[in-house]
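Read off the chains here:
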Amino acid sequence: QVQLVESGGGLVQPGGSLRLSCAASGSIFTYYTMAWYRQAPGKQRDMVARITSGGSTNYADSVKGRFTISRDNAKNTVYLQMNSLKPEDTAVYYCNAVNPTTFATYWGQGTQVTVSS
């Protein structure tokens with residue numbers, strides 16, 4: 001069982017920055033593929049950024065060049081650095097972990113990000 005706890009959300013003005021953190025329990029964090037998803041009101045939950053155990057990353061087109069996903073395996077933590085934020089980035093952001101062998105999937109409780117002046 002993996003437990004994920006997000007933090008770092010909040011209210012920020014357009015053009016501002018935030019860094020989200022996701023702390024994971026469990027000693028096998030290193031092997032998991034980690035990702036950030038987001039869900040705006042009335043919309044589906046979409047993948048924002050993903051990082052494999054080997055450090056390969058991929059991003060949604062809407063955030064390329066603005067967001068950066070990273071992981072610190074020593075701290076069992078994955079981060080999402082968000083720069084040049086736009087109002088359309090407003091959503092609940094969820095941390096996601098996938099076991100690459102069993103495909104067991106885990107979700108955090110979500111953290112609200114609001115971009116508004």
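Look up: the structure comes first, before these words.
Report follows, based on the coordinates. No experiment lies behind these values; they were computed from the predicted model shown.

A word on the state of the cysteines
Under the criterion given, the structure shown has one disulfide. Residue Cys-22 pairs covalently with Cys-95 via a disulfide, S to S 2.1 Å. Of note, the bridge from Cys-22 to Cys-95 carries an S-S torsion of about -85° and is left-handed in sense. In this pair, Cys-22 sits in strand E3 (residues 18–24) while Cys-95 sits in strand E9 (residues 91–98), placing the two residues 73 residues apart along the sequence. With relative accessibility at 0%, the residue Cys-22 sits in the buried group. On the accessibility criterion, Cys-95 (0% relative accessible area) is buried.

Topic: the environment of Thr-111
Mapped onto the elements, Thr-111 comes out in strand E11 (residues 111–115). Remark: the alpha-carbon pair of Thr-111 and Cys-95, spanning 16 residues in sequence, is separated by 8.9 Å. In this view, Thr-111 contacts Glu-6, Gly-8, Gly-9, Leu-20, Ala-91, Val-92 and Tyr-93; residues no more than four positions away in its chain are not counted. A polar contact of 3.3 Å, which involves the side chain of Thr-111, links it to the backbone nitrogen of Gly-9.

Thresholds applied
Residues numbered from 1 in each chain as written. Predicted model: local features only at pLDDT ≥ 70, side-chain atom pairs only at ≥ 80, totals over all residues. Heavy atoms only, no water. Disulfide = S-S within 2.5 Å. Helix = DSSP H or I, 4+ residues; strand = E, 2+ residues; numbered from the N terminus. Buried < 20%, exposed > 50% of the residue type's maximum accessible area, 1.4 Å probe, protein only. Contact = heavy atoms within 4.5 Å. Polar contact = N/O pair within 3.5 Å; in protein donor to acceptor, adjacent residues only side chain to side chain.

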